[in-house]
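# Observations on the three-dimensional arrangement
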Amino acid sequence: MRNIWDFFDAKYVLSTPKSTRKQRLIANFNAVGLTDFEIVEFEPSKKYNANNLNDSTGFGGKQNQTLLSTVQHNVCDETCRNIANNMFTLAKKGYDAGCERIIIFEDDARFSIPFPAKKLTKAVKWLATHEWDIFYLGYCQWPKLVSWMVTSSVVKLTSPLCLHGYCLSRAGMEKVIQMQHYYNISRQHVDTLYGEKNWRKY
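What counts and how
Residues numbered from 1 in each chain as written. Predicted model: local features only at pLDDT ≥ 70, side-chain atom pairs only at ≥ 80, totals over all residues. Heavy atoms only, no water. Pairing = 2+ DSSP bridges. Helix = DSSP H or I, 4+ residues; strand = E, 2+ residues; numbered from the N terminus. Axes fitted to C-alpha atoms, helices over the stretch in contact; angles between N-to-C directions. Contact = heavy atoms within 4.5 Å. Polar contact = N/O pair within 3.5 Å; in protein donor to acceptor, adjacent residues only side chain to side chain. Patch = residues over 30% accessible without salt bridge, like charges linked within 9 Å, V, L, I, M, F, W, Y side chains within 5 Å. Areas by Shrake-Rupley, 256 points an atom, 1.4 Å probe, with all protein chains shown as cover. Salt bridge = Lys/Arg side-chain N within 4 Å of Asp/Glu carboxyl O. Lys, Arg positive; Asp, Glu negative; His and termini not counted. Charge placed at Lys NZ, Arg CZ, Asp CG, Glu CD. Phe/Tyr/Trp six-rings, centres within 6.5 Å; stacked < 30°, edge-to-face > 60°. Buried < 20%, exposed > 50% of the residue type's maximum accessible area, 1.4 Å probe, protein only.

With that settled, the discussion passes to the pairing of strand 2 (residues 38-41). Sheet topology places strand 1 (residues 10-15) next to strand 2; 4 bridges connect them, and they run parallel. The residue bridging Leu-14 from the neighbouring strand is Val-40, located in strand 2.

This is the structure:
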């Protein structure tokens, strides 16, 4: 494999037309050999608030939350729902294109430099020979503080949060698409939703 990123058929970056993060993202991604990605722009929610500090994707929105409710993800407003539906859209985009594996990034995702290329290579080799639905490129384990090492580069997760960068297999894309059909009935933060599912999560 010429480039380890070639293992993934598509790499999408979730952004907005006016996001100021894209140039820094492009420079950072290029530094780690990731060049063939597509920035997909979505319009922010109608309640966009450029001064919102509780925002990880450029999709601002007024939030009236306590610190505890933020950590627990108890509040899911229009911005929250907008982000979730855009994540679903990207999963379906990859699925409809016939992809077997995709990566979805938020536009504030950044890789550490120096980049641990050997660790990623080992993780990709494991993904190539095992069944999985979603693979997190970084995570926060909450509220179940339980995870365990599968290899030196792969961790089995139980309730991960954070979706700055994650990979979906084709089976994982199918599960996301199925989830989208009932999301409006059970709305919540998309990372909480993914994390609580009984998926093959690593």
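So, about the sheet that holds strand 4 (residues 134-136). Spatially, 5 strands are ordered 2-1-3-9-4 in an open sheet, and the strand pairing comes out mixed. The open sheet has two edge strands, strand 2 and strand 4, and neither has a second partner. Neighbour-to-neighbour, the strand axes of the sheet open up by a mean angle of 25 degrees, direction not taken into account. When strand 3 (residues 101-106) meets strand 9 (residues 165-169), the two strands line up antiparallel, connected through 5 bridges. Directly across from Ile-104, in strand 9, lies its bridge partner Tyr-166. Across the sheet, helix 3 (residues 78-96) lies against strand 1, strand 2, strand 3 and strand 9, angled at about 155 degrees from strand 3, the strand it touches most.

Turning our eyes to something else, we now look at the environment of Tyr-182. Tracing the backbone through its elements, the reader meets Tyr-182 in the loop between helix 5 (170-180) and helix 6 (190-196). Polar contacts involving the side chain of Tyr-182 include one to the side chain of Lys-197, which spans 3.1 Å.

This next bit is on a positive patch on the surface. Judged by side-chain charge, Lys-118, Lys-119, Lys-122 and Lys-125 come together as a positively charged surface patch. Here Lys-122 shows up in helix 4 (residues 117-128).

Here the amide bond leading from Ile-113 into Pro-114 is cis, since omega sits at 5 degrees, within 30 degrees of zero. Tracing the backbone through its elements, the reader meets Pro-114 in the loop between strand 3 and helix 4. Cis rather than trans, the peptide bond between Trp-142 and Pro-143 has omega equal to 5 degrees. Here Pro-143 lies in the loop between strand 5 (140-141) and strand 6 (147-149).

On to the pattern of salt bridges, then. Scanning the entire structure with this criterion turns up 8 salt bridges. Taking the shortest distance from any N to any O, the salt bridge between Asp-36 and Lys-11 comes out at 3.1 Å. Taken together, the positions of Asp-36 in the loop between helix 1 (22-31) and strand 2 and Lys-11 in strand 1 put the pair 25 residues apart, joining distant regions of the chain. When the shortest N-O distance is used, the salt bridge between Glu-131 and Arg-200 registers 2.9 Å. Highlighted residues: Glu-131 in the loop between helix 4 and strand 4 and Arg-200 in the segment after helix 6, separated in sequence by 69 residues. One network of salt bridges, in which partners are shared, links Glu-131, Asp-133, Lys-175 and Arg-200.

Moving on: the packing of aromatic side chains. Using the criterion set out here, one finds 12 aromatic pairs in the structure. Ring geometry for Phe-105 and Phe-111: centres 5.9 Å apart, planes at 80 degrees, overall edge-to-face. For the pair shown, Phe-105 and Phe-111 are each scored as buried. Ring geometry for Phe-111 versus Phe-115: centroids 5.4 Å apart, planes at 80 degrees, classification edge-to-face. Assessed through its relative accessible area of 15%, Phe-111 is described here as buried. Owing to a relative accessible area of 22%, Phe-115 belongs among the partly exposed residues under this scheme.

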